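Structure assessment
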Amino acid sequence: MRNEVLSYDVIVIGGGLAGLMTSLGVTGSQKLALFSKVHPLRSHSLAAQGGLNAALGNVPGSADDSWEKHTFDTIKGSDYLADQDAVEIMCRMGPEVVYELEHWGVPFSRTPECKIAQRPFGGADYPRTCYATDRTGHVLLHTLYEQSCRKNVEVFSEWLVTSLVIEDNQVQGIIALHYESGEVRAFSARVVVFATGGYGRVYGNSTNALINTGSGIAVAYRAGVPIKDLEFVQFHPTTLYGTNILITEGARGEGGILVNNKGERFMKRYAEKLMELAPRDIVSRSMTTEILEGFGFENAYLHLDLRHLGREKIMERLPGICDIAIDFAGVDPVKEPIPVQPGQHYSMGGIDTNEKGETKIRGLYAAGECACVSVHGANRLGGNSLLETVVFGKIVSTHLREFLKSQGDTRDASFLDKALEKEKQRIEELLKRKGERRYTEIRDELRRVMFADVGIFRKEEELRRACEVVQRLKRDYRDVSVRHKSRYFNFELINVLELEGMLDLADIISRGALARRESRGSHFRTDYPKRDDPNWLRHTLATFTPNGPEFDYKEVKITRYAPQERKY
Ligand SMILES: Cc1cc2nc3c(=O)[nH]c(=O)nc-3n(C[C@H](O)[C@H](O)[C@H](O)COP(=O)(O)OP(=O)(O)OC[C@H]3O[C@@H](n4cnc5c(N)ncnc54)[C@H](O)[C@@H]3O)c2cc1C
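What counts as what
Residues numbered from 1 in each chain as written. Predicted model: local features only at pLDDT ≥ 70, side-chain atom pairs only at ≥ 80, totals over all residues. Heavy atoms only, no water. Pairing = 2+ DSSP bridges. Helix = DSSP H or I, 4+ residues; strand = E, 2+ residues; numbered from the N terminus. UniProt positions renumbered as here; feature names shortened; annotations may be inferred. Contact = heavy atoms within 4.5 Å. Polar contact = N/O pair within 3.5 Å; in protein donor to acceptor, adjacent residues only side chain to side chain. Axes fitted to C-alpha atoms, helices over the stretch in contact; angles between N-to-C directions. Parallel < 35°, antiparallel > 145°, perpendicular 65-115°, else oblique. Left-handed = near helix turned anticlockwise from the far one by under 90°. Nonpolar A, V, L, I, M, F, W, Y, C, P; charged D, E, K, R; others polar.

**Quick notes on the sheet that holds strand 5 (residues 129-130)**
- Reading across the sheet, the 3 strands line up as 3-5-4 and stay open at both edges, with antiparallel pairing between neighbours. Looking along the sheet, the strands with just one partner apiece sit at the ends: strand 3 (52-53) and strand 4 (118-119).
- Across 2 bridges, the pairing between strand 3 and strand 5 is antiparallel. Its bridge partner being in strand 5, L52 is matched across the sheet by C130.

**Here we look at the UniProt feature "active site" (unreviewed entry) in the protein**
- As recorded in UniProt, the sites labelled "active site" (unreviewed entry) are R280.
- Note that R280 resides in helix 7 (residues 280-292).
- Those residues in contact with R280 that sit more than four places away from it in its chain are F121, Q234, F235, H236, P237, E249, H345, N379, R380 and G382.
- Side-chain polar atoms of R280 contact the side chain of Q234, separated by 3.0 Å.

**Examining the packing of helix 13 (residues 460-477) against helix 14 (residues 491-515)**
- The interhelical angle for the contact between helix 13 and helix 14, taken along N-to-C directions, is 155 degrees, at an axis separation of 9 Å. Relative to helix 14, helix 13 is oriented roughly antiparallel. The two elements helix 13 and helix 14 meet at a crossing, and its hand is left-handed. From helix 13, E460, L463, R464, A466, C467, V470, Q471, L473, K474 and Y477 reach across to helix 14, where they touch V496, L497, L499, E500, L503, D504, A506, D507, S510, R511, A513 and L514.
- Partitioned by chemical class, the residues of the contact of helix 13 with helix 14 number 13 nonpolar, 2 polar and 7 charged.

Here it is in C-alpha cells:
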C-alpha cells in the first residue's frame, strides 16, 4: 500500500471556496481527491469578511442594477486590464450562483422583506455586495464543506503538494508530502485543478493567513506553466495598525469614514464622488500620501471612524470588526476611531487561464485566487474575489467533465515513478544540507524588501534594488539547512520547501514591476505616473527557466468597453 500510486480522474488542490466548489461539480462516477495543506476549514476563504457581489437589486437604490453594470464597474475598476469576456461571464452568473449558495444553506443577512441583504462596496455604482454580517467567508466555507461531506469527497488533509508532473503537454499527476508521516507520494490524475489561493505572504504587512505563500502557483511555475500579471498586488486601505488584521471595506460600506490628524475627511480631495468607497488602489495611495505628508497619526496610521453609526448598527452589521479592534488594538469602535493603515491583501496575478479555467497544459485547470483568468486586471473590486471562487469553481467543474468524456486516458505511470524518485532525492538532499543560514532570516528579509520596494508606490531605483536583493536571497537559499531532521510534522522542512517558491514568485513580481513602465491599477510607478495603453495594455506572462523567469506579453480581451480614464 505504501508505495502504490493512487489513481484518480480528478485531483483538486485546495480546500478553500474555489477547490470545494470545483469538487462539488464533479459527478459521482468520476474518482476525485481533494488535497489541502491544512484542514479545508482553515483555508484563507474562512477569513473573508465583507461579502460577495451579485446584481440582485435587493435593497433601496439598486432596483435598476444589472449584471451589465456590474461588468462595467469591474472592468473600470481593473483599470482596463481585465479580460472583458471573462468578466461578463462572472457577472452574468453572479445572481444564479448566489441563489444556489442560498439554497445550499448559506445564512445570508436579510433585508426586512427577508431577501438577501446587500451593502455598498468600493468602486461599485450600486449596493450589490451580499453578506452575512462581517463573517461571509466563514459561512460560505462551512456550507460548502458540509456539502462536500454530504458528497463524500475524499480529502487528503495536511498534505503539501510539492510538484506537478506534466509530460508531453499532458497532466500525469502530483507529488505530495504528508505532514504527519513525512511520507512523499505520487498520485496519478487525468485532470489536476489548482485552487491553492494567493501569494500574500511573499509580502510583509499582509492581511493574509500565514499559509498564503503562493506555493501552488510556484509549483505550477516550476512545472513550466505560464504565470500571468504577478506584479499586480492589492494593498487594502484599512488594516489594523500594528497587526495588519483586515478591517473590512464593509465598515466603510456601512458609512465609516477616514480621517487624518487634522480631523479632515481627506478622501474628498482624492475621489470627490465615491470618497472612502473609491477602489482600493486609489484609497490606499491616498492614505499613504497623507501619512507621507505628515497628516498621519504617529506618522504611521489614520483613523477609521464608525462612531456616528451608533452601537446598534455596529453590533448588528460589524460584530467581528468590533471583536478584532477590541482584542488586538484595545479600541472599542463604538467609542473610539480605529487606527488603520494600508497592507498587502490580494494577489491579482496567478496561473494563466482562459475564461474556462483551462491552462495551456491538457488536463490542467486553475480557479480562485491562484488563477489569473483575468477578471480583476490591475485592481480587484472588493466582493469580486469570493464571487470569482464560486463562479469559476463551477465553470471549471463543467469543463473538466467534458474533457474527461471527450479525451482518452493517455497517462503513462513511468513518468510519475521517475518524478517521485527525483522529488524524494531533492527532499533528502535538503535534509542533509549543512549550511549556516536559517530560512526565517531569508523569509523575513524578503517580506520587508517586497513591502518597502515593490509596494504601493514603486520606482526604478527601488525596484532594481528589490530585484538585486531577491537574487541575493536566492543564492543565500542554497545555504539554508533544515536543523530539525524528524520526518513527523517537520514544519521547518515544509517552510524551507515553500520558501523556494516564495523566492521564485518574488523574482517574477519584482522583475515584472520593473519592466512595466506605466501606472495601472495597483501598480503605481512614481517615475511613470500615467497609464500607457499603446505600450502596456497587455498581460505579463512569466515562464520558468533555470536562470529566472522569461517574460512575454499577451493581449487583453476587449469586448464592449473601450478603455477610458478612470474617474471616481
Ligand atoms: C482577511 C481577508 C478578507 C477577505 N474578505 C473578502 C471579502 O469580503 N470578499 C471577497 O470577495 N474577497 C475577500 N477576500 C479574498 C478572498 O477571501 C480570497 O481571495 C478567496 O477566499 C480565495 O479562495 P481560494 O479558494 O482561491 O483560496 P483559499 O481559500 O486561500 O484556499 C487555498 C487552499 O489551497 C490549499 N493549498 C495551497 N497550497 C497548497 C499546496 N501546495 N498543497 C496543498 N494544498 C495547498 C490550502 O490548504 C487551502 O485549502 C478576503 C481575503 C482576506 C485575506
